[in-house]
Amino acid sequence: MVDDDPLTFLMKYDLIRDGKLSNAAYLLFKKDNSVITTIELGYFQDEIVIKDSDRSKEDILTQVDRIMDFVRKHINKEVIITEKPQSIHRWQYPLEAIREIVMNMIIHRDYRSASDSIVKIYPDKIEFYNPGRLPDNITVEDLWANTYKSTPRNKLIADFCKDLGIVEKYGSGIRRILDYFRKEKQKEPVFGNISDGFMVTVFADKLEDVTLQAGGETLQAGEIVKKRMNKNDLMALIEYHSSDRYLTIDQLAALVNRNAAYLKNELIPVMLETGRLVRLYPDKPNHPNQAYKKCEVNMK
């Protein structure tokens, strides 16, 4: 909570100079949209085809949440169903690292440049481009080796964000980003100067989209189910995928990553008995082409 009146607050952070608002104050608290802070956001099917886009021109603090919302919208979330009441959720990328990258974009951006910041999300990677190259006395190798002293391009913004607890301390952002990815055992990001700016590229685990009802929990598009499913979860998964099409034993077995004999002897009989599946033509239990479908009425 801020106890100071607005004027005292601005003066405390050196955001007023000679009776006028500083550029940092404008960027932090401006009410209207401005091209100065434009960040282009895109979700790409490949290098050419764009499937969704957005543009942010708000104050730079609002932009942090705007970018994070767009990223979460277009990346997968892994849902690990266990025996516990609550499942385990894991995003395709460590969100703490993504937020750290976004904060670094905002704090180190060259707001005098005519170029925009750009975030491009692909199925297997995200690119964060920011106007403003590394200082001449800092190399990419220095970032990896942590042998550099951070000198924020926008010191007033950096000081303000540090006091708010949005960033921890100067020069630690890159190390935290790397640590987050290493902790998740994911490929480390790539850093580099490009054109008149700096780019960070992060790489994703390969996850597939799925929408289903399993274990009493509804999973939305962009979420996947992973291992440790019990028998009830497997039956829910079969029931969902059999709701609008016919599936054979082999297809069902491939769906839940179990052998056909297990389904035939363990799961299918229970599901038939409880009415969760119906056996379709041919109505012969041992027929090799026997198909099943979730149905309220026997359609044989």
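Residues numbered from 1 in each chain as written. Predicted model: local features only at pLDDT ≥ 70, side-chain atom pairs only at ≥ 80, totals over all residues. Heavy atoms only, no water.

Let us look at the sheet that holds strand β14 (residues 278-279). With antiparallel pairing, the three strands of this open sheet are ordered in space as β13-β15-β14. Across the chains shown, the open sheet's two edge strands, defined by having one partner strand only, are β13 (247-248) and β14. Here β13 pairs with strand β15 (residues 291-293) via two bridges, running antiparallel. By the bridge assignment for β15, T248 is matched with A291. (Pairing = 2+ DSSP bridges. Helix = DSSP H or I, 4+ residues; strand = E, 2+ residues; numbered from the N terminus.)

Here the structure, examined in full by the defined rule, presents four aromatic pairs. Between F29 and F160 the ring centres are 5.6 Å apart and the planes differ by 90 degrees, which places this aromatic pair in the edge-to-face class. Note that F29 is positioned in helix α2 (residues 23-29) and F160 in helix α6 (residues 155-164), a separation of 131 residues in sequence. Among the residues examined, F29 registers a relative accessible area of 38% and is labelled partly exposed. For F160, a relative accessible area of 3% translates into the label buried. Their ring planes at 10 degrees and their centres at 6.5 Å tell us that F191 and F198 sit as a pair that is stacked. For F191, a relative accessible area of 7% corresponds to the buried category. Judged by its relative accessible area of 14%, F198 is buried. Of note, K125 hangs over the ring of Y122, and the distance from its end group to the ring centre comes to 5.1 Å. (Phe/Tyr/Trp six-rings, centres within 6.5 Å; stacked < 30°, edge-to-face > 60°. Buried < 20%, exposed > 50% of the residue type's maximum accessible area, 1.4 Å probe, protein only. Lys NZ or Arg CZ within 6 Å of the ring centre and 35° of its normal.)

Before going further, it helps to spend a moment on the environment of N33. If you trace the backbone, N33 turns up in the loop between α2 and β3 (39-44). When the C-alpha atoms of N33 and E58 are compared, they prove to be 4.9 Å apart, with 25 residues separating the residues in sequence. Excluding residues that lie within four positions of it along the chain, N33 makes contacts with K57 and E58. (Contact = heavy atoms within 4.5 Å.)

Before going further, it helps to examine the side chain of S34. The topology assignment puts S34 in the loop between α2 and β3. Excluding residues within four positions of it along the chain, S34 makes contact with Y26 and K57.

Where strand β9 (residues 190-194) and strand β10 (residues 197-203) come together, five bridges link them in antiparallel fashion. Across the sheet, the residue bridging to I194 is G197, located in β10.

What follows is about the packing of helix α4 (residues 95-108) against helix α7 (residues 173-183). Where α4 contacts α7, the two axes come as close as 8 Å, and the packing angle between them is 155 degrees. As the angle between them shows, α4 and α7 are arranged roughly antiparallel. Pair α4 / α7 crosses with left-handed handedness. Together, E96, A97, E100, I101 and N104 of α4 and G173, R176, I177, Y180 and F181 of α7 make up the contact between the two elements. Among the residues forming the contact of α4 with α7, the class breakdown is five nonpolar, two polar and three charged. (Axes fitted to C-alpha atoms, helices over the stretch in contact; angles between N-to-C directions. Parallel < 35°, antiparallel > 145°, perpendicular 65-115°, else oblique. Left-handed = near helix turned anticlockwise from the far one by under 90°. Nonpolar A, V, L, I, M, F, W, Y, C, P; charged D, E, K, R; others polar.)

The six strands are arranged β4-β3-β7-β8-β10-β9 in an open sheet whose pairing can be described as mixed. Every other strand in the sheet has two partners, leaving β4 (50-56) and β9 as the edge strands with one partner each. Each strand axis lies, on average, 15 degrees off the axis of its neighbour in the sheet, ignoring direction. For β3 and strand β7 (residues 117-121), the ladder comprises five bridges, and the chain directions are parallel. By the bridge assignment, I39 is partnered in β7 with S117.

Attention now moves to a nonpolar patch on the surface. Taken together, the side chains of Y26, V35 and I36 make up a nonpolar region of the molecular surface, amounting to roughly 270 Å² of accessible area. Inspection of the secondary structure assignment puts V35 in the loop between α2 and β3. (Patch = residues over 30% accessible without salt bridge, like charges linked within 9 Å, V, L, I, M, F, W, Y side chains within 5 Å. Areas by Shrake-Rupley, 256 points an atom, 1.4 Å probe, with all protein chains shown as cover. Salt bridge = Lys/Arg side-chain N within 4 Å of Asp/Glu carboxyl O.)

Next up on the list: the nonpolar core. Formed by 54 residues in total, the largest nonpolar core has its most connected members in V119, I126, F128, I157 and V202. Ranked by residues supplied to this core, first place goes to α4 with nine residues. Judged by nonpolar contacts, the second largest core, of 15 residues, contains M235, L267, M271 and L277. (Core = buried A, V, L, I, M, F, W, Y, C linked by side-chain atoms within 4.5 Å.)

Now for the environment of V71. Mapped onto the elements of the fold, V71 is located in helix α3 (residues 60-73). For V71, a relative accessible area of 0% puts it in the buried group. Separated by 50 residues in the primary sequence, V71 and I121 place their C-alpha atoms 7.4 Å from one another. In contact with V71, other than residues within four places in its own chain, are I98, I121 and I126.

Strand β8 (residues 125-131) sits mainly inside the fold: seven of its seven residues count as buried. What you see with β8 is no split at all: K125, E127, Y129 and P131 on one side and I126, F128 and N130 on the other are buried throughout. Counted along the chain from β7 to the antiparallel partner β8, the turn is three residues long.

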